[in-house]
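# Chain and residue survey
Below, each chain spelled out in residue letters.
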Amino acid sequence: MNVIETEHLGKRYRRTWALRDCSLAVPAGRVTALVGPNGAGKSTLLNIAVGLTRPTAGTIRVLDGLVPGSPEALRRIAFVAQDSPLYASLSVAETLHLVAALSDRFDAAEARRRLAALEIPLRRRVGRLSGGQHAQVALAVALSRRPDLLVLDEPVARLDPLARHEFMATLMAAVADGLAVLLSSHVVAELERVCDHLVVLGSGAVQVTGEVDELLGSHRLLTGPAGEADRIRDRFAVVGEQVAGRQARLLVRRGPHPVPPLWQEEPTNLEELVLGYLRAPGSRALPGPERLAS
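Residues numbered from 1 in each chain as written. Predicted model: local features only at pLDDT ≥ 70, side-chain atom pairs only at ≥ 80, totals over all residues. Heavy atoms only, no water.

Further remarks concern the sheet that holds strand β13 (residues 264–267). On the basis of which strands lie adjacent, the open sheet formed by four strands has the order β11-β12-β10-β13 and antiparallel pairing. A strand with exactly one partner marks an edge of an open sheet, and here the two such strands are β11 (237–244) and β13. In this sheet, adjacent strand axes meet at a mean angle of 20° when their direction is disregarded. Note that strand β10 (residues 219–225) and strand β12 (residues 247–253) share seven bridges and pair antiparallel. (Pairing = 2+ DSSP bridges. Helix = DSSP H or I, 4+ residues; strand = E, 2+ residues; numbered from the N terminus. Axes fitted to C-alpha atoms, helices over the stretch in contact; angles between N-to-C directions.)

Dropping the structure here:
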């Protein structure tokens, strides 16, 4: 089962395409990272997936066939938008009461248990919470709706490092039982320890997608003399490259050829993988790890 499937999905605002020809599948039971620079189309994709906006082109289905924004999809998807918007004038307890009145799946006792464990006072007004507490309340509300899919749009963008770490720890504890999560973030270093599926967006299109372990295993970093870079391009599929003086550093997809002399090979990490694809103009989506390894 896939929690999100798109085919040639596009969204245009007047003459500008925010998202174009986006085809991907987000699997169930995974924490999927959606990464890319500002303007890549991440928020547009998420807003379409949760039914806040309609696409201009293509198709999208959620939770194995539902139309985004349909009553059943709304019941089963929880969404935390950028800045975790909550009513600042309400207390935390009043916020829980409001959500309970609007959602038939909301478990208020579970929400209070989560917030008590974080020592967040229910009587405090939301507007007087710290940034980390505000994000934790939004997450507790979303999780206590018992969703089948949790969508998070840049939830840690404005948090300090400690608050980011605590937010991610809370999220990972909550998804241990297989909840599907689609998480958009700029903080790639935080994603590497929590996400097992990856979607990279650039210029409104999918650049690469797949299981994180398989993507990391099928790519390598090669470092060597810039004047010999053509030998690497002849032997490997080069995703992205950086040249500093006489030295070149290339992200390549693994192949059958040995690494030439004078070149050093090392594994890549998630941040290097993402940056490599974002540095590659015109790089397009690959259908799966079997293509990546070829």
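Time to look at empty space enclosed by the protein. All told, the structure shown has one cavity of 30 Å³ or more when counted by the stated rule. Estimates place the volume of the largest cavity at around 50 Å³. Forming the boundary of the largest cavity are L221, G240, E241, Q242, R249, L250, L251, E272, G276 and R279. Where the lining of the largest cavity is concerned, the elements lending two or more residues are β11, β12 and α10 (270–278). (1 Å grid on protein atoms, 1.4 Å probe; cavity = no way out; pocket = protein on both sides within 12 Å on 5 of 7 lines; lining within 4 Å. Points joined across faces, edges and corners; volume = space filled by probe spheres on them.)

All right, on to the pattern of salt bridges then. The tally for this structure, following the rule as stated, stands at 14 salt bridges. Here D104 and R75 are joined by a salt bridge, their closest N and O atoms 3.5 Å apart. Of this pair, D104 sits in the loop between α3 (92–102) and α4 (108–117) while R75 is found in helix α2 (residues 71–76), placing the two residues 29 residues apart along the sequence. Under the relative-accessibility criterion, D104 is labelled exposed at 60%. Take R75: its relative accessible area is 32%, and that puts it in the partly exposed class. Ionic pairing is found between E272 and R249, a salt bridge with its closest N-O pair at 3.5 Å. Here the residue E272 occupies a position in helix α10, and R249 occupies one in strand β12, the gap between them amounting to 23 residues. With relative accessibility at 22%, the residue E272 sits in the partly exposed group. The partly exposed category is assigned to R249, whose relative accessible area is 25%. (Salt bridge = Lys/Arg side-chain N within 4 Å of Asp/Glu carboxyl O. Buried < 20%, exposed > 50% of the residue type's maximum accessible area, 1.4 Å probe, protein only.)

Okay, the sheet that holds strand β1 (residues 2–13) next. Ordered in space as β2-β1-β4, the three strands form an open sheet in which the pairing is antiparallel. Every other strand in the sheet has two partners, leaving β2 (16–27) and β4 (57–62) as the edge strands with one partner each. Shown here is a sheet whose adjacent strand axes are inclined to one another by a mean of 15°, direction ignored. Summarising the sheet, β1 and β2 pair through eight bridges and their orientation is antiparallel. By the bridge assignment, I4 is partnered in β2 with V26. Together, β1, β2 and β4 form the strand contacts of helix α1 (residues 42–49), whose direction differs from that of β1 by roughly 120°. (Contact = heavy atoms within 4.5 Å.)

Read these as spatial facts, not as claims about activity.
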